[in-house]
Amino acid sequence: LAKTTQPISMDSYEGQEVNITCSHNNIATNDYITWYQQFPSQGPRFIIQGYKTKVTNEVASLFIPADRKSSTLSLPRVSLSDTAVYYCLVGESGFQKLVFGTGTRLLVSP
Amino acid sequence: SQTIHQWPATLVQPVGSPLSLECTVEGTSNPNLYWYRQAAGRGLQLLFYSVGIGQISSEVPQNLSASRPQDRQFILSSKKLLLSDSGFYLCAWSALRDMNTEAFFGQGTRLTVV
């Protein structure tokens with residue numbers, strides 16, 4: 001699996017857009033990029049997955065540049081309930097091992 | 001729909017006692033199964049993963065073991081718990097050959113070794 005690097009923590013305020021970037025310089029041709037969200041004392045929850053360009057769903061957008069060596073999770077208009085740890089994973093679709101990095105701890109304040 | 005069950009939710013065990021945590025998945029067949037541990041304020045550490053019955057891969061040497069006696073059952077065990085085994089244990093599953101690599105997690109077991 002390609003190694004990922006994310007900021008350890010980020011702070012934001014309610015209503016702002018938050019962009020969390022993940023670096024994955026060694027991403028392979030068949031690798032997908034997946035983001036998870038984890039609240040305290042809960043298991044991570046899938047947010048979004050993409051391969052290239054832009055993917056958008058009801059909770060987030062994922063931007064992937066042409067070289068795919070990084071990706072950015074964009075959370076529009078965050079609320080207090082978006083305070084969580086966000087993990088970026090890179091790996092082949094259907095891959096067997098799911099290794100989580102240290103994640104980014106997002107704190108949203110009033 | 002698929003569901004994952006993990007129990008118990010909390011557990012307090014003395015040092016040296018055995019451990020058995022069970023995880024079962026419903027609504028899918030031949031899933032990848034995973035056990036993770038999360039220490040307080042830390043990230044998720046992959047302990048074991050399995051791609052089929054009786055097939056277990058260990059990621060971290062420790063006094064824990066895992067077994068997969070049935071397709072949708074994954075068990076985490078220890079013969080003698082250590083204080084350092086305390087943590088939040090999570091079971092997860094994902095589809096083996098699916099374009100979507102989404103993993104689904106159980107509710108977790110909070111283990112305190114005293």
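Residues numbered from 1 in each chain as written. Chains lettered and ligands numbered in written order. Predicted model: local features only at pLDDT ≥ 70, side-chain atom pairs only at ≥ 80, totals over all residues. Heavy atoms only, no water.

## Some words on the environment of Q38(B)
Rule in force here: A helix here means a DSSP run of H or I that spans at least four residues, while a strand means a run of E at least two residues long, and both kinds are numbered starting from the N terminus. Exposed residues in this analysis have more than 50% of their type's maximum accessible area, buried residues have under 20%, and partly exposed residues fall in between, with area computed by a 1.4 Å probe over protein chains only. Throughout, a contact is declared for two residues whenever any of their heavy atoms are within 4.5 Å.
Tracing the sequence through the fold places Q38(B) in strand β4 (residues 32-38). Classification of Q38(B) as buried rests on a relative accessible area of 10%. The spacing of Q38(B) and G87(B) is 49 residues in sequence and 5.7 Å in space, taken between C-alpha atoms. Excluding residues that lie within four positions of it along the chain, Q38(B) makes contacts with Q38(A), Y87(A), G43(B), L44(B), G87(B), F88(B) and L90(B).

## Comments concerning the environment of W35(A)
The topology assignment puts W35(A) in strand β3 (residues 31-38). In the structure, W35(A) is positioned 33 residues away from R68(A) in sequence and 15 Å away in space, judged by C-alpha atoms.

## Looking at the sheet that holds strand β8 (residues 73-78) of chain B
Residues and elements named next belong to chain B. Note the cut-off: Only when DSSP finds a minimum of two bridges between them are two strands counted as paired. Comment: axis = line fitted to C-alpha atoms, over the contacting stretch for helices; angle = value between 0 and 180 degrees taken between N-to-C directions.
With antiparallel pairing, four strands are arranged side by side in an open sheet as β1-β3-β8-β7. Edge strands, defined here as strands with exactly one partner in the open sheet, are β1 (3-7) and β7 (64-70). Here the average twist between neighbouring strands, direction ignored, is 15°. Of the strand pairs in this sheet, β7 and β8 are connected by five bridges, and their pairing is antiparallel. The residue bridging A66 from the neighbouring strand is L76, located in β8.

## Looking at the pairing of strand β9 (residues 104-109) of chain A
All names here are of chain A. Burial along β9 is one-sided: T104, L106 and V108 are buried, while R105, L107 and S109, pointing the other way, are not. In this structure, strand β1 (residues 9-13) lies alongside β9, joined through five bridges in parallel fashion. Considered in β9, the bridge of M10 is made with L106.

## Digging into the sheet that holds strand β5 (residues 53-56) of chain A
Residue and element names in this part refer to chain A. Ordered in space as β2-β7-β6-β5, the four strands form an open sheet in which the pairing is antiparallel. The strands lining the two open edges of the sheet, one partner per strand, are β2 (18-23) and β5. Along the sheet, successive strands turn relative to each other by an average axial angle of 15°, direction set aside. Strand direction decides the pairing type here: β5 and strand β6 (residues 61-64), joined by four bridges, are antiparallel. The residue of β6 that forms the bridge with K54 is F63.

## Side note on the side chain of Q49(A)
The condition is simple: Any pair of nitrogen or oxygen atoms within 3.5 Å is treated as a polar contact; in protein, a donor-acceptor pairing is required on top of that, and neighbouring residues in sequence qualify only through side-chain atoms on both sides.
Within the secondary structure, Q49(A) is located in strand β4 (residues 45-50). Separated by 3.1 Å, the side chains of Q49(A) and T34(A) make a polar contact.

## Focus: the state of the cysteines
All names here are of chain A. The line we're drawing: Two cysteine sulfur atoms make up a disulfide if the distance between them is within 2.5 Å.
Taken as a whole, this structure holds two disulfides over all chains when the rule is applied. A disulfide bridge connects C22 with C88, and the sulfur atoms are separated by 2.2 Å. With the S-S bond torsion at -80°, the cross-link from C22 to C88 turns out left-handed. Taken together, the residues span a long stretch of sequence, with C22 in strand β2 and C88 in strand β8 (residues 84-92) at a distance of 66 residues.

## Quick word on the packing of aromatic side chains
How two aromatic rings sit relative to each other is given by the distance of their centres and the angle of their planes. We apply this condition: Paired rings are identified among Phe, Tyr and Trp, the last through its six-membered ring, by centres lying within 6.5 Å, and are further divided according to the angle between planes into stacked (under 30 degrees), edge-to-face (over 60) and tilted (the rest).
What the rule picks out here adds up to 11 aromatic pairs over all chains. An angle of 80° between the planes, with centres 6.5 Å apart, marks the rings of Y36(A) and F105(B) as edge-to-face. With Y36(A) in strand β3 and F105(B) in strand β10 (residues 103-105), this pair bridges two chains. The same class applies to Y36(A) as to F105(B), namely buried. Measuring from centroid to centroid gives 5.6 Å for Y36(B) and F105(B), while their planes differ by 40°, and the two rings are tilted. Placement of the pair is Y36(B) in strand β4 and F105(B) in strand β10, with a sequence separation of 69 residues. Both residues of the pair, Y36(B) and F105(B), count as buried.

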